[in-house]
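So you can see what is in the structure, the chains are spelled out below.
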Amino acid sequence: MGSNQNKVKYPYIPEGRIVLYVGEDNTYMQEAKQYVHKHSLDSTMPTGSAIVMNGVVIGLGANGSDYHKTHECERVKQKVPTGQGYELCEGCHPKNHSEPKAIKNAQESGHNTKGADLYLWGHWWCCESCWNVMISAGIRNVYLLENSEILFNKANADNIVGHQF
């Protein structure tokens, strides 16, 4: 496990926070990946989160809504850059991101998330809204997949966006 903090230029990261990285064989990353494969409603950027406390997965969440199936994405229509304007589109709204969904799942199951870790599969950074929710919930560490800045970055020529599974 390590940190790519110095080499990755995230679109957003709160002051004093870092992102840690794990390999694809990590148990919790695998759990997030399996969950997103079954539950994400976003066919382009399926993203899943696993909340882990004391070695036990206490919450799971997958991104998406069915809004984009019947409506155009307002962010795409307005050419809004990645990481911005989520509130402009019901389908992109932060409430539909995997991180807050996993936290909600853990809390509704009676778990306290203070001091828990979040494993995020399917993206290479967390937006400001998700960071705010994670910080409020007491999430200690955020783990991404090694090389996620390549694999899940639409701007990288070697990405796997659209064919993650």
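Residues numbered from 1 in each chain as written. Predicted model: local features only at pLDDT ≥ 70, side-chain atom pairs only at ≥ 80, totals over all residues. Heavy atoms only, no water.

Caption draft 1: Focus on the UniProt feature "domain: CMP/dCMP-type deaminase" (unreviewed entry) in the protein. As annotated by UniProt and renumbered to match this structure, "domain: CMP/dCMP-type deaminase" (unreviewed entry) occupies residues 23–159. For residues 23–159, helix accounts for 34% and strand for 17%, while the C-alpha atoms at its two ends are 17 Å apart. (UniProt positions renumbered as here; feature names shortened; annotations may be inferred. Helix = DSSP H or I, 4+ residues; strand = E, 2+ residues; numbered from the N terminus.)

Caption draft 2: Main features of the packing of aromatic side chains. For the structure on display, the rule yields five aromatic pairs. Judged by centre distance (5.2 Å) and plane angle (50 degrees), the rings of Tyr28 and Tyr119 are tilted. With Tyr28 in helix α1 (residues 27–39) and Tyr119 in strand β4 (residues 117–121), this pair connects stretches of sequence that are 91 residues apart. Residue class for Tyr119 comes out buried when judged on its relative accessible area of 5%. On the numbers, 6.3 Å between centres and 65 degrees between planes, the contact of Trp124 with Trp125 is edge-to-face. Judged by its relative accessible area of 10%, Trp124 is buried. The rings of Tyr28, Tyr119 and Tyr143 are connected pair by pair, giving a single aromatic cluster. (Phe/Tyr/Trp six-rings, centres within 6.5 Å; stacked < 30°, edge-to-face > 60°. Buried < 20%, exposed > 50% of the residue type's maximum accessible area, 1.4 Å probe, protein only.)

Caption draft 3: Here's a closer look at the layout of surface pockets. If you add up the space inside the largest pocket, you get close to 780 Å³. Along its surface, the largest pocket is lined by 34 residues, and Asp42, Met45, Arg75, Tyr86 and Lys154 are the ones closest to its centre. Classifying every residue of the lining of the largest pocket gives 15 nonpolar, 14 polar and five charged. Counted as a void, the second largest pocket has a volume near 160 Å³. As for the second largest pocket, its lining consists of 13 residues, of which Gly83, Gln84, Tyr86, Cys127 and Glu128 are closest to the centre. Each residue belonging to the lining of the second largest pocket can be placed in one class, and the counts come to six nonpolar, five polar and two charged. (1 Å grid on protein atoms, 1.4 Å probe; cavity = no way out; pocket = protein on both sides within 12 Å on 5 of 7 lines; lining within 4 Å. Points joined across faces, edges and corners; volume = space filled by probe spheres on them. Nonpolar A, V, L, I, M, F, W, Y, C, P; charged D, E, K, R; others polar.)

Caption draft 4: Fine view of the side chain of Ser98. Note on placement: Ser98 falls in helix α4 (residues 98–108). With a relative accessible area of 1%, Ser98 lands in the buried category. Beyond its immediate sequence surroundings of up to four residues, Ser98 is in contact with Thr47, Gly48, Ser49, Gly61, Ala62, Asn63 and Leu120. (Contact = heavy atoms within 4.5 Å.)

Caption draft 5: View of the nonpolar core. Membership of the largest hydrophobic core comes to 28 residues, with the highest contact counts inside it found for Ile51, Leu118, Met134, Ile139 and Val142. Those elements that provide at least two residues to this core are β1 (19–22), β2 (48–53), α4, β4, α5 (128–137) and β5 (141–145). No other element matches α5, which puts four residues into this core. Not counting chain neighbours up to four residues away, the residues in contact with Leu118 comprise Ser49, Ala50, Ile51, Glu99, Met134, Ile139, Asn141, Val142 and Tyr143. Val22, Met29, Met45 and Phe152 belong to the second largest nonpolar core, which has 17 residues in total. (Core = buried A, V, L, I, M, F, W, Y, C linked by side-chain atoms within 4.5 Å.)

Caption draft 6: The arrangement of unusual backbone geometry in detail. The residue Asn54 is not glycine, and still its phi comes out positive at about 50 degrees. Checked against the element boundaries, Asn54 lands in the loop between β2 and β3 (56–62). Given the relative accessible area of 74%, Asn54 is considered exposed. Even without being glycine, Asn147 reaches a positive phi, approximately 70 degrees. Relative to the helices and strands, Asn147 resides in the loop between β5 and α6 (148–151). Asn147 sits in the partly exposed class, given a relative accessible area of 39%.

Caption draft 7: Up close: the pattern of salt bridges. Taken as a whole and judged by the stated rule, the model has five salt bridges. Lys33 is paired through a salt bridge with Glu24; the nearest N and O atoms lie 2.6 Å apart. For Lys77, the salt bridge identified is with Glu74, shortest N-O distance 3.0 Å. Remark: Glu74 and Lys77 occur in helix α3 (residues 74–77); sequence separation between them is three residues, near one turn of the helix. The exposure class assigned to Lys77 is partly exposed, which follows from its relative accessible area of 45%. Residue Glu74 is classed as partly exposed on the basis of its relative accessible area, which comes to 23%. (Salt bridge = Lys/Arg side-chain N within 4 Å of Asp/Glu carboxyl O.)

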